Amino acid sequence: MSDPILSLRGVRTNIAQYHILQGVDLEVPRGAVTMLLGRNGVGKTTTLRTIIGHWRAHEGQVLFDGQDITRLPTPAIARLGIGFVPEDMGIFSDLSVEENMVLAAVSGPIDSTRLEWLFTVFPALETFWKKEAGTLSGGQKQMLTIARAMIEERRLYLIDEPTKGLAPAIISTMARALRELKDQGASILLVEQNFAVARALGDSANVMDDGRRVWSGRMQQLATDAALQERLMGLSVEAG
Amino acid sequence: MSAAPQHNPTMARMSLAERLAPHAPVLLIVGLMILGLIAIPSTSSWLTLTVSGLAMGMMIFIMASGLTLVFGLMDVINFGHGAFVSVGAFVGISLLLVLEQMTGAPALWLNLTAMMVAIVGAMAATGLMGWAFERVIVKPVYGHHLKQILVTMGGLIVVEQLIIVLWGPEEIFINRPEALKGAITFAGAALEKYRLVAVGIGIVVFLAMRWVLRRTKIGLIVRAGVENGEMVEALGYRLRLVFVGVFIAGSALAGLGGVLWGLYQEVITAQMGNHTMILIFIVVIIGGLGSVEGCFIGALLVGLMQNYVAFLEPKLALISNIGLMVAILMWRPMGMIPVVKAK
């Protein structure tokens, strides 16, 4: 775990009077998928939002590639090469699929080779290219929001529950897309409630509880230890 | 693995009402015109009133368009927007008075050149003023609606008084440029030339705004920012800067509206901006906060309504627009074309 792309040191984030993050330590290694797991309401989304700068850490440090980004404004953080896929997807529903993608290509016109590749990963995008994004189905919206993050190569992807509320068939499309991203050597910090997806994609895992990280290790280890899962997340995942 | 059950959804053809619903706001304008045609006894009067209503609507649109984007983009309520209307009118009209030789000559191109100079001057002045207004008055009160209302109203009062200091307390009367005086006759109806020019300028401004919003990246950022500013920033765009740009452009447009409105009324006062604010707010609200299209349609409705009702039942003219607003909000509580999601 030497030279991580992102590390959080003792990060505390308050939202109004609530102390949501109570000293989070986290390391995201380069070129791997790091899972952020835990029950609902333990601070996973807040951790991602603190990294991108939507919430401000009151204490602690967020280091991206060695640079302190704790106090940087959100656009500056994003420009360092961090792609963010929020839980609510954050698509622009009045804009067409194309316009959503054009906007996501921050540094210039869309790279057509990369777009072709995205069309093979998410064929629906090509079909609905000119349609208003608001008219897409839930799964298509989620594909758009991930494709938006992938349209330019980012140094780190923050992805919040990409399979939430999706039909099983679409979950597998999504998992395949994330796998492709992973195979390209991307660094990903992924929040995921679907344990099967987490197990399939994750290299390392971090489990949060009550605003802190309570466990970290190999995803494989967590996936094979049912007692550990039960203790950390109250899960009872059937084997297989 | 057994096959999934056959799934053959049937789709009923959409009813006429369903297919028309997305176009309802535009149809409302047509509907209002038809109602006017039925209610107003002579066709030539109807035509005169319609052109007059459209001209008035275009001018209100030009004044209001900036306000709707400023609200949509940064959730800022600017009660001081009328200040730019007044300042635009005073700067523009002053320039026209200086260029009296050009406006007094019966040559159309000389007149239009003088108007161009007045408009550019007024827009430059109000754009600059918008920049200062944003820095000094609006910036410290982001996220606080009550403070925004109070401080921007205060700003409006200060600007009104400054106008009185600079130009004196008297209202200034102005003659329209020579070639734009009078009317042309079309199908038996007298159509004032100046109103036709105002309609033309309004259409150009609307199409230009639409082009910028739909065809340029900055326009995409603005439209996306109205819907979800947080996500626009997470993509790496500095929405604050874009907002300042929109504020300046909106102020300059209000200044343009002020020049046109001043020439339309043929008199300007320091309070004219404040007076137009009521119409501007009605238009922005019925259009749907943050929507340029909604603002355009709303402005045309208000202009037509005001002119028709003033002709048919002058006593009702004052309340007709409030009535229109109430009716539209009962039909669509977020305005005709809502774009700003509840925050």
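As shown above, the structure is provided for reference.
Residues numbered from 1 in each chain as written. Chains lettered and ligands numbered in written order. Predicted model: local features only at pLDDT ≥ 70, side-chain atom pairs only at ≥ 80, totals over all residues.

What am I meant to see in the sheet that holds strand β7 (residues 156-160) of chain A here?
Within a sheet, each strand pairs with its neighbour through backbone hydrogen bonds, oriented either parallel or antiparallel. All names here are of chain A. The sheet built from 6 strands is open, its strands ordered β6-β7-β8-β3-β9-β10 with mixed pairing. Of all strands in the sheet, those bounded by a partner on one side alone are β6 (82-85) and β10 (212-218). Put simply, the sheet's adjacent strands are angled 15° from each other on average, direction ignored. Judged from the 4 bridges that link them, β6 and β7 form a sheet pairing that is parallel. Its bridge partner being in β7, phenylalanine 84 is matched across the sheet by leucine 158. (Pairing = 2+ DSSP bridges. Helix = DSSP H or I, 4+ residues; strand = E, 2+ residues; numbered from the N terminus. Axes fitted to C-alpha atoms, helices over the stretch in contact; angles between N-to-C directions.)

Before we go on, may I ask you to explain helix α3 (residues 97-104) of chain A in this structure?
Among the 8 residues of α3 of chain A, 6 are classified as buried, and the element is accordingly described as predominantly covered. Those residues of α3 of chain A that are buried lie in contact with α5 (123-127) and α6 (138-150) of chain A together with α9 (217-235) of chain B. (Buried ≥ 20, exposed ≤ 12 C-beta atoms within 10 Å, placed from the backbone. Contact = placed C-beta atoms within 7 Å.)

Looking at this model, I keep getting lost on the interface of chain A and chain B. Mind explaining?
When the parts of a complex come together, some accessible area is lost, and that lost area is often used as the size of the interface. Counting from both sides, the interface comprises 18 residues of chain A and, opposite them, 16 residues of chain B. At the level of elements, α2 (74-79) and α3 of chain A are the ones that each hand at least two residues to the side of chain A that touches chain B. The residue inventory of the side of chain A that touches chain B, partitioned by class, reads 11 nonpolar, 4 polar and 3 charged. (Nonpolar A, V, L, I, M, F, W, Y, C, P; charged D, E, K, R; others polar.)

Mind showing me how you'd approach the packing of α3 of chain A against α6 of chain A here?
Angle between the axes and distance between the axes are the two parameters that describe a pair of packed helices. Residue and element names in this part refer to chain A. Running from N to C, α3 and α6 cross one another at 30°; their axes reach a closest spacing of 8 Å. One way to sum up the angle between α3 and α6 is to call them roughly parallel. Between α3 and α6 the crossing geometry is right-handed. Across the interface between the two elements, Val97, Asn100, Met101 and Ala104 from α3 touch Leu144, Ala147 and Arg148 from α6. Tallied by class, the residues present in the contact of α3 with α6 amount to 5 nonpolar, 1 polar and 1 charged. (Parallel < 35°, antiparallel > 145°, perpendicular 65-115°, else oblique. Left-handed = near helix turned anticlockwise from the far one by under 90°.)

Explain α6 of chain A to me, please; I cannot follow it from the model alone.
Since the α-helix turns once every 3.6 residues, residues separated by three or four places project in the same direction. Residues and elements named next belong to chain A. In this model α6 runs 19 Å from its N-terminal to its C-terminal C-alpha over 13 residues, within 8% of the 18 Å that 1.5 Å per residue would give. Summarising burial for α6: 11 of the 13 residues are buried, a large majority. Those residues of α6 that fall on the buried side of the exposure criterion are Gln140, Lys141, Gln142, Met143, Leu144, Thr145, Ile146, Ala147, Arg148, Ala149 and Met150. Against the buried residues of α6 lie β6, α3, α4 (112-121), α5, β7 and α7 (168-183). (Expected span 1.5 Å × (residues − 1).)

What am I meant to see in the nonpolar core here?
Buried together is how nonpolar side chains tend to be arranged in soluble globular proteins. Ala147 and Leu158 of chain A together with Met59, Ile60, Ala64 and Val283 of chain B are the most contacted members of the largest nonpolar core, which has 173 residues in total. Sort the elements by how many residues they give to this core and helix α3 (residues 43-74) of chain B lands first, with 19 residues. (Core = buried A, V, L, I, M, F, W, Y, C linked by C-beta atoms within 7 Å.)

Sorry if this is basic, but what is going on with the packing of helix α4 (residues 81-98) of chain B against helix α11 (residues 272-287) of chain B here?
All names here are of chain B. It is at 7 Å that the axes of α4 and α11 come closest, and there the two elements cross at 130°. With respect to their mutual orientation, α4 and α11 come out oblique. Pair α4 / α11 crosses with right-handed handedness. Of the residues in α11, those in contact with His81, Gly82, Ala83, Phe84, Val85, Ser86 and Ala89 of α4 are Met272, Gly273, Asn274, Thr276, Met277 and Ile280. In the contact of α4 with α11, the residues fall into 7 nonpolar, 6 polar and no charged.

Even after reading the chapter, I still don't get unusual backbone geometry, so can you show me in this structure?
The bulk of non-glycine residues show a negative phi, and the bulk of peptide bonds are trans. Residues and elements named next belong to chain A. The phi angle at alanine 16 is positive, at roughly 50°, despite the residue not being glycine. Mapped onto the elements, alanine 16 comes out in the loop between β1 (6-15) and β2 (18-28). Of note in the backbone geometry, aspartate 210 takes a positive phi value of approximately 50° without being a glycine. C-beta crowding within 10 Å serves as the criterion here: with 14 such atoms nearby, aspartate 210 is assigned to the partly exposed category.

Please explain the environment of valine 97 of chain A as it appears in this structure.
All names here are of chain A. Checked against the element boundaries, valine 97 lands in helix α3. On the basis of neighbour counts, which here come to 27 C-beta atoms within 10 Å, the residue valine 97 falls in the buried class. The spacing of valine 97 and leucine 228 is 131 residues in sequence and 42 Å in space, taken between C-alpha atoms.

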